[in-house]
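As a plain string of letters, each chain reads:
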Amino acid sequence: MNPKPRPATVPSSPSSTSSTRPEGRLEWRQLLKWLLRDGLIDEAQANRTEQRFAAGDSALPPLVRLGHASLVHLATGKPLDVDALSEWLAVRAGLPYLRIDPLKVDVGRVGDVMSIGYAEAKRCLPVQFGLTDVTIATSEPFDTAWVAQIESHVRKPVKLVVANPLEIARYTTEFFTLARSVRAATKAGEQSQVASFEQLVELGRSNKQLDANDQGVVQVVDWLWQYAFDQRASDIHLEPRREMGVIRFRIDGVLHTVYQLPPTVMSAMTSRIKLLGRMDVVEKRRPLDGRIKTRNPAGDEVEMRLSTLPTAFGEKMVMRIFDPDTAVKDLASLGFGQHDSDRWEALVKQPHGIILVTGPTGSGKTTTLYSTLKRLATDEVNVTTIEDPIEMIEPAFNQTQVQNQLDFGFAEGLRALMRQDPDIIMVGEIRDLETAEMAIQAALTGHLVFSTLHTNDSVSAITRLQDLGVPSYLISATVIGVLAQRLVRTLCPHCKQPDPAVTRESLNELVRHWRLGGGVKPYKPVGCLECRNTGFRGRAGLYELLTVSEGVKTSLGDLGALRRQAVQEGLRPLRLAGAMKVAEGVTTIEEVLRSTPAWEG
C-alpha cells in the first residue's frame, strides 16, 4: 500500500505549507471553483451542479456529493467519481494519494493512535505504523489542527495522505469494530488451555478458556470470512505461534499476512469454526476435516473445506474457499486455448475409458473436473463420485466420501459404485494398484472414469500407472487421455505495459523445438492500486493434453518415443502453452518458467 509520490517541490505535510494554504473543512462551492480553475470541468457543468446543490443541504461529505454529481473530466471524458476527485484533491493539497489496502494495515494498532469517535470526527484513519512516524489517511487535507495533538499522543511525527472519504468511513467502522471484538475476546479469557509442544508456565495468570460462542469471537470469525471473500482469497490460514497467532490469506497463489491475534483468541476462533463445521471441538491431538457453507457479500453460497493440524503451539486450521462459479465455468474461462478445448471436448464425449487429470496440489485439477462433470451431468446420465474429501457439494452428482477409519477407501468405494448403475464415475485420486485396477475394471465394463494423479506432465502419468503395477496392455485398453495442468498468475489489466524485451525469438528459445505463430504482444507487470502493487491479478490455467491414440499405444514401453509420438499427434507441452499466454499478453516468462517443467522430448 504505497502512496503515489508527488514532486519534491510540493509540500508533503501541513507544517511545511505556505501561509496562503486554505484551512478548515472542505466546502462543495470551493471545490467546484477549484475544479473549474484547474480546467477539469467547464462553466456549464459548474453552473448545473451549483443549481442542483443550492436546492438543499446534504449530510454527505462534499467530495462524495460531487462524486455523485455526474461530472466529467474535460480532457479525458472520464467520469469524475469520488476516487478521481480524491486523487485530484491530493495533488491540490500537495499530499500523496493513498488507496487503502486493508491487508497492509495493522488493524490491532489503529486504536492505539486514536479512538473511533476521534477518527469519525476528524474524518481520518491511521494506516501505517513505522518506527519513526505514523501515516494517517484523511479526507480533509486542510483541516489539520488536530495533527499536533496526535503527534503528542503517539510521540512520533504524523505523515498525512489523502484517501477516498468513502474508504475512510468504511474501514474506520471495520477496523475499530474488529479491534473492539478482539479486545473483548481477549478479556474473556487470559490464557488458552490448548496443549502445545512447548508449554510456557506463567504464574499468577488465569486459566479460564475462551468460549467459542463468546460474542467477540463470533464477530471476529464473521469479519474474517467476509473479509476473505472481499479480498478474493482462495485459502485462509489460522496459524498459532508462541506470542501471537497469525491470520494469512492466499490470494492469486501468494500468501499475505492479514492480522495477528493473541493465542487465546485464535484458539477460540478455531473452536468456533470447528463447531460450525460439525467437527469434534474437544479433539485437538489429531488432524480433522470438515466443511461449512455460508454466503458471500453478494449473497451467493460459498463452500469452505476445513482442515486442522496439531502444531507445536496449538491447532493450525486452513479453510479452502471454493468459488461458487467454479462448476459453471466454460473452457475458455478456465484458460483452454481453442486447440486443446476442441480435443478435450471430443475426449469427454467418449462412451467409456479412463481420463486422467494430473498436476501438483493447487494446480486447478478439481476446478477442471467439476466444471467438466457439471456439463456432462444431464438428466439422462448418472454421475457418481468417490472423493477424499468431497471438495464441493454439487446437486447434479451423487457424491461419496472416503471413510478410511471404516476401511472404506477409494477401491472399496469404486467397488460399491459399480453396483449403483453409473454412467460416469469420478475417483478423487488413484493412489495405489488396487484403486487403479478397480478404475480399469470400471472402464472395461463400459463406464467413463475420471481421476487424478500427481505427475509432472501428461506423458509421465502413463509411466506412473506402470510403476503402480498396471500392465501396459490394460493401460492401452482403457486410458483414452491425460490432461496435465498448472496455474499461472495473470497480469493486472489496469497497469500492465508492453514489454519490448520479450521477442518472438526469446519465446521460441523458451519452447525450443516449437515455433510460435500469430502475433506476439508481450506485457510486463508494473503494479498499481488494483493489484496491490504486485502487477498480477487472478490466475489462468495452462494445459497439456495427451490423447491415447493407436500410435501412442504402440510407444507405451518407451517414454522418449511416447513423447515424440504424442507431439506428432497434437500434444502441446505446458511450457509451449505458457509461451502462448506470454505472446497474448496474459502472463510473463518468469511466471511460466516458475510453474512449468521443461519438455524432455
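Source: prediction; values computed, not measured.

## Some details on the sheet that holds strand S11 (residues 383-387)
Read from one edge to the other, the open sheet built from seven strands follows the order S12-S11-S13-S14-S10-S15-S18, with strand pairing classed as mixed. In this open sheet, the two strands that pair with only one neighbour each are strand S12 (398-401) and strand S18 (536-547). Taking each pair of neighbouring strands and ignoring which way they run, the sheet shows an average axis angle of 20 degrees. Where strand S13 (residues 424-427) lies against strand S14 (residues 448-453), four bridges are found, and the strand directions are parallel. Its bridge partner being in S14, Met426 is matched across the sheet by Phe450.

## Comments concerning the pairing of strand S2 (residues 134-138)
Among the five residues in S2, five count as buried, and that is most of the element. Neither face of S2 is exposed, since Val134, Ile136 and Thr138 on one face and Thr135 and Ala137 on the opposite face are all buried. Remark: four residues form the turn of the hairpin made by strand S1 (residues 124-129) and S2, two consecutive strands paired antiparallel. Of the pairings in the sheet, the one linking S2 to strand S3 (residues 158-162) comprises five bridges and is parallel in character. When the bridges of S3 are listed, Ile136 appears paired with Leu160. For the segment spanning S2, helix H7 (residues 147-154) and S3, crossover handedness is right-handed.

## Notes on the domain arrangement of the protein chain
Domain annotation for the protein chain reports domain 1 (28-93), domain 2 (107-185), domain 3 (197-325) and domain 4 (331-489 + 539-575). Distance between the C-alpha centres of domain 2 and domain 4: 53 Å.

## Details of the pairing of strand S10 (residues 353-358)
Among the six residues in S10, six count as buried, and that is most of the element. Here S10 shows a buried face lined by Gly353, Ile355 and Val357 and a second buried face lined by Ile354, Leu356 and Thr358. Here S10 pairs with S14 via six bridges, running parallel. Opposite Val357, over in S14, you have Thr452 as the bridge partner.

## Focus on the pattern of salt bridges
Two side chains that carry opposite charge are able to pair once their charged atoms sit near each other. Following the criterion strictly, the structure yields 31 salt bridges and no others. Between Arg99 and Glu530 there is a salt bridge whose closest N-O contact spans 3.3 Å. Here Arg99 is found in the loop between helix H4 (82-93) and helix H5 (110-113), whereas its partner Glu530 is found in the loop between strand S17 (523-524) and S18, with 431 residues between them in sequence. Arg232 is paired through a salt bridge with Asp252; the nearest N and O atoms lie 3.2 Å apart. With Arg232 in the loop between helix H9 (215-230) and strand S4 (235-239) and Asp252 in the loop between strand S5 (245-251) and strand S6 (254-261), this pair connects stretches of sequence that are 20 residues apart. The class of Asp252 is buried, set by a relative accessible area of 12%. Within the structure, one salt-bridge network assembled from shared partners comprises Arg291, Lys293, Arg295, Glu301 and Glu303.

## Quick word on the sheet that holds strand S7 (residues 288-295)
Spatially, S6-S5-S4-S9-S8-S7 is the arrangement adopted by the six strands of the open sheet, whose pairing is antiparallel. The sheet is open, and its two borders are formed by S6 and S7, each paired with just one other strand. Across the sheet, the mean angle separating the axes of adjacent strands is 20 degrees when strand polarity is ignored. Here S4 runs beside S5; their pairing, made up of five bridges, is antiparallel. Along S5, the bridge assignment pairs Ile236 with Phe249. Packing against the sheet, helix H10 (residues 263-276) makes contact with S4, S5, S6, S7, strand S8 (301-311) and strand S9 (314-322), and its axis sits at approximately 50 degrees to S9.

Rules used in this analysis
Residues numbered from 1 in each chain as written. Predicted model: local features only at pLDDT ≥ 70, side-chain atom pairs only at ≥ 80, totals over all residues. Heavy atoms only, no water. Pairing = 2+ DSSP bridges. Helix = DSSP H or I, 4+ residues; strand = E, 2+ residues; numbered from the N terminus. Axes fitted to C-alpha atoms, helices over the stretch in contact; angles between N-to-C directions. Buried < 20%, exposed > 50% of the residue type's maximum accessible area, 1.4 Å probe, protein only. Right-handed = clockwise from strand over helix to strand, strands pointing away. Domains from an automatic or database assignment. Salt bridge = Lys/Arg side-chain N within 4 Å of Asp/Glu carboxyl O. Contact = heavy atoms within 4.5 Å.

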